[in-house]
Structures are given as structure tokens and as C-alpha cells.
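# Residue-level structure breakdown
The lines below spell out each chain.
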Amino acid sequence: MNQAFFARNRQTLIDTLSGGFVVLSAYSLLQRSNDAAHGFQQEANFWYVTGITEPDWLVILDGMSGKSWLVSPAVDDVHRTFEGELSDQEAVAISGISTVIPYDEYEALLRRLAKNHSVVRTVKEHPHSSYYNFIENPAQKRLVSVLDRIFTSVLDCRKELAQLRAIKQPEEIVAIKKAIKQTTQAFEVVRDVLPNLRYEYEVEAEFIYQFKKHGLDHAYDPIVAGGKNACTLHYGKNSAKLKKNSLLLMDIGALYDGYAADITRTFSYGQPTNRQQQVHAAVKTAHETIIALLKPGLSMKEYDETVDHIMKRALVGLRLMKNEADDNTYRRYFPHAISHGLGIDVHDSLGGIGHFQPGMVLTVEPGIYIPEEGIGVRIEDDILITEKGHENLSRHLSTDL
Ligand SMILES: [Mn+2]
């Protein structure tokens, strides 16, 4: 992604907000333990309008005057020696924003700008933060507390950004396709070498090697789950011994130029049993039937209802439920959403738009998990909504057992 991309995104955001005033923050580093920090991943909205991948920067967009500022973080000499820093010139070159001011000057600038703007927009706390089992990055909250002191009204523009990001531009689709291509190649290597591997982590190591060899990282922590471990949806230990004649679920995606792939395949390890083949075939049929539904204009509500019907039919066919009215049993064997948006965040928003539109990229990931039988199967592809229907971007990777 280049300057022109980030500049266009800033302009589109400002246009969407009819010349509004926006201040966004990068994420901050988070403690891993003692004096060490976790690896850093940028806040997606901040990256979308700046391209900057370093912590603690701010961006100020004044839609009225058309001016933009970057605010560089206060980095002392000690941290500069250990971690280096992004220079102002580098930040300008990446973002295309020509003015950089130091951190200790930005509140004074905001106070001046507040004379013309009573309303400021920013990305506030995540609306579902209390649901997640983690502590949110403090950067957004810290910025909001500053904005609250200076402006009459601090509004959230998360939704507007989500709607923009939900419709992918051509260069974003190129990046997602490249992430998918590398992920596909890694899966193909793993299929070839799998008979020689004995532990889940050996499978994970193969993926890491294939990605790193091409200079890529994982877009998210990979799931390599043998047998019943596949029934733990976010299983991430990847530590168990693989059992002969069991299934192996792998949910993996490379990150390319800031964009994620998100692909799941379930392979057999050794000779699959009849039951394993049955469950896999049921998921595969559902997967194909669901993808075939996707086209612009289809409402997400109608999509979800049709998916429920398709998945319930699959479970009835496997004799896991007697009839389609049994919602509790349905949710026990298929407990997650069928789709999510895909982009900078691996779980990207579809913008709350309500129906499918050309340029959206989403996953389709039906799964059936039967802990009492030690069987978990998921098949996940990445789908682009096109003018005429859809394109399965990960179609070249076989979905076979
Ligand atoms: Mn997914």
C-alpha cells in the first residue's frame, strides 16, 4: 500500500463525515512480562488512514481546512537506542501527511482547532469490549479523555470507518489474494509432508517455515487441532500428539501487506473412519451450498436464515438431531458464526451494512464439532462479492480430507 491509498482513505473518511474533524490514535505497546513488551500490531483504522505501523502516533484530520497532522510520540534516548524509532521524514513518506508535530505540542494545537470545531470524531472503546476475555489497548481511551477535556462533543466514527473498510479497493483485494496464495501453498506442502509429522506443533512449524521463508507472518495465532481438540474452537496449544486415523483441523492465514487470509482445512491423518468421512462430506456439501448463495443484494438476515436451514439439514443427516426445530442441539454442534469480514483485521467488520455488496470479502466457514465422537470438521474459504455474484478466492486449495 502506498501514500496514494492512505491519502484516498483519509479523503473518503472526511467526505463521509461531511468535512468533519477526526483524531485517531495508534495502539500502544502492551506488557508481556516484567520489562518486555508483546509484539506490536497496529490499530487497523489508524493504519488505514496513515500506513504507520509504530506505536503511539496520532493523526489529526481537519475536514474544514483540508489540513492533516501527524503527532510523533515522545521517545527518549534510551528507548531510541533499544528500539529505534520512525523518523518524521519516514512517517511523511509512508502517510503522505506533510506536517509532523511533537507529542507535547498536540494538545495546544487541538485547543486552537477547537475554536472552529465543537465536535470531534475518534474511534472509541470497542462496543463489545466487556464480552471479550482480555484488556483493551489503552490508547483509544487515553485519547478520548484528552478530547473530552477540549471539545464539547466527542463522537465515535468506528461505524463509518467499518463501512469504508468493508468495501475493498482493488489494491486491497490484490493483497488479500497474495496472502491467500501463500497460505494455499503452505497447506499444500503440509498435505505432502503430513504422514511424516507426529505432533500438532510439527505441523505448525511447517506453516511458520513456509510463511517466514517468504517474509510473511501469521495474520493470527494458528490453530492446529488433532481429533477432539478441533472441538475447542480457539484451540491454540498445538501441542498434542497426532493419533492415527483421526482428523486434523488447521485454521491458518498469512498476512500480506497488512491484509489477512483466513483458511481452514480438515485433513485425515492416516485412514479416515466411515464416520469421519461422513461428517467431512456433510460439512463440504454445506460449504459449497452456502457459498453458492452469495451475491450482491442478498440480505444478511436472509443469508443467516438459509445457512441455519442448510446446517440443520446437515446435522439431521448425520443423526445428530432429530428435526430442524431443535435449536439447542443445533448450536451445540455448530456454535459459531458462519461468516465474518476479512481484511486488515482477520475478523473485519462488514460495516453493519445489512446486505452483500460488491467489494466485500468474507469467510464462509461451516463446521460440525462432535466432542463425544472426537470429531471436529471445519472448512473455511475467503469469498469476494462481485458485481455478478462472488469469487471464491481460496478455491485453488482442495477441500478434500
Ligand atoms: Mn475465520
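For the structure itself, consult the block above.
Note that the structure is predicted; figures quoted are calculated from it, not measured. (Residues numbered from 1 in each chain as written. Predicted model: local features only at pLDDT ≥ 70, side-chain atom pairs only at ≥ 80, totals over all residues. Heavy atoms only, no water.)

All right, on to a nonpolar patch on the surface then. A contiguous nonpolar surface patch, about 400 Å² in accessible area, is contributed by Tyr131, Tyr132 and Phe134. The residue Phe134 is located in the loop between strand S7 (119-122) and helix H6 (139-150) in this model. (Patch = residues over 30% accessible without salt bridge, like charges linked within 9 Å, V, L, I, M, F, W, Y side chains within 5 Å. Areas by Shrake-Rupley, 256 points an atom, 1.4 Å probe, with all protein chains shown as cover. Salt bridge = Lys/Arg side-chain N within 4 Å of Asp/Glu carboxyl O. Helix = DSSP H or I, 4+ residues; strand = E, 2+ residues; numbered from the N terminus.)

Looking now at helix H5 (residues 106-113). Taken together, the buried positions of H5 are occupied by Tyr106, Leu109, Leu110 and Leu113. Considered in projection along H5, the buried side chains sweep an arc of 100 degrees and stay on one side of the axis. Those residues of H5 that are buried are in contact with strand S1 (21-25), strand S4 (58-62), strand S5 (67-72), strand S6 (100-102) and H6. (Buried < 20%, exposed > 50% of the residue type's maximum accessible area, 1.4 Å probe, protein only. Arc of directions from axis to C-beta. Contact = heavy atoms within 4.5 Å.)

With that settled, consider the packing of aromatic side chains. What the rule picks out here adds up to 14 aromatic pairs. Residues Trp47 and Tyr259 carry aromatic rings whose centres are separated by 5.7 Å and whose planes lie at 70 degrees to one another, so their mutual orientation is edge-to-face. Of the two residues, Trp47 sits in helix H2 (residues 44-50) while Tyr259 sits in strand S13 (residues 259-260), which places them 212 residues apart along the sequence. The same class applies to Trp47 and to Tyr259, which are both buried. Ring centres 5.0 Å apart and planes at 75 degrees place the aromatic pair Phe187 and Phe207 in the edge-to-face group. Note that Phe187 is positioned in helix H8 (residues 170-193) and Phe207 in helix H9 (residues 200-213), a separation of 20 residues in sequence. (Phe/Tyr/Trp six-rings, centres within 6.5 Å; stacked < 30°, edge-to-face > 60°.)

Attention now goes to the coordination of the manganese ion. Asp262 (OD), His340 (NE2), Glu365 (OE) and Glu380 (OE) make up the full set of protein donors to the manganese ion, lying at 2.0 to 2.4 Å. Positions of the donor residues of the manganese ion, expressed as sequence spacing, correspond to D-x77-H-x24-E-x14-E. Placement of the pair is Asp262 in the loop between S13 and strand S14 (263-269) and Glu365 in the loop between strand S15 (361-364) and strand S16 (367-370), with a sequence separation of 103 residues. Residue Glu365 is classed as buried on the basis of its relative accessible area, which comes to 7%. (Donors = N, O, S within 2.8 Å, 3.2 Å for Na, K, Ca; no water.)

Another point: the nonpolar core. If you look at the biggest cluster of nonpolar residues, it comprises 61 residues, and the most contacted ones within it are Leu24, Trp57, Val203 and Met250. Per-element accounting of this core gives the leading share, eight residues, to H8. Leu247, Leu294, Ile310 and Ala314 belong to the second-largest nonpolar core, a separate cluster that totals 35 residues. (Core = buried A, V, L, I, M, F, W, Y, C linked by side-chain atoms within 4.5 Å.)

What follows deals with the side chain of Arg158. Relative to the helices and strands, Arg158 resides in helix H7 (residues 158-166). Buried within the structure, Arg158 lacks any salt-bridge partner; Asp156 is the closest side chain of opposite charge, at an N-O distance of 4.3 Å. Within the structure, the side chain of Arg158 is placed 2.7 Å from the backbone oxygen of Lys124, a separation counted as a polar contact. Once residues lying within four places of it in the same chain are set aside, the contact partners of Arg158 are Thr122, Val123, Lys124, Glu125, His126 and Pro127. (Lys, Arg positive; Asp, Glu negative; His and termini not counted. Polar contact = N/O pair within 3.5 Å; in protein donor to acceptor, adjacent residues only side chain to side chain.)

Where burial is concerned, the two faces of S7 differ: the one with Val120 and Thr122 is buried and the one with Val119 and Arg121 is not. One ladder, built from four bridges, connects S7 with strand S8 (residues 153-156); its direction is parallel. From the neighbouring strand, Thr122 faces S8, where its bridge partner is Asp156. The parallel pair S7 and S8, bridged by H6, forms a crossover whose chirality is right-handed. (Pairing = 2+ DSSP bridges. Right-handed = clockwise from strand over helix to strand, strands pointing away.)

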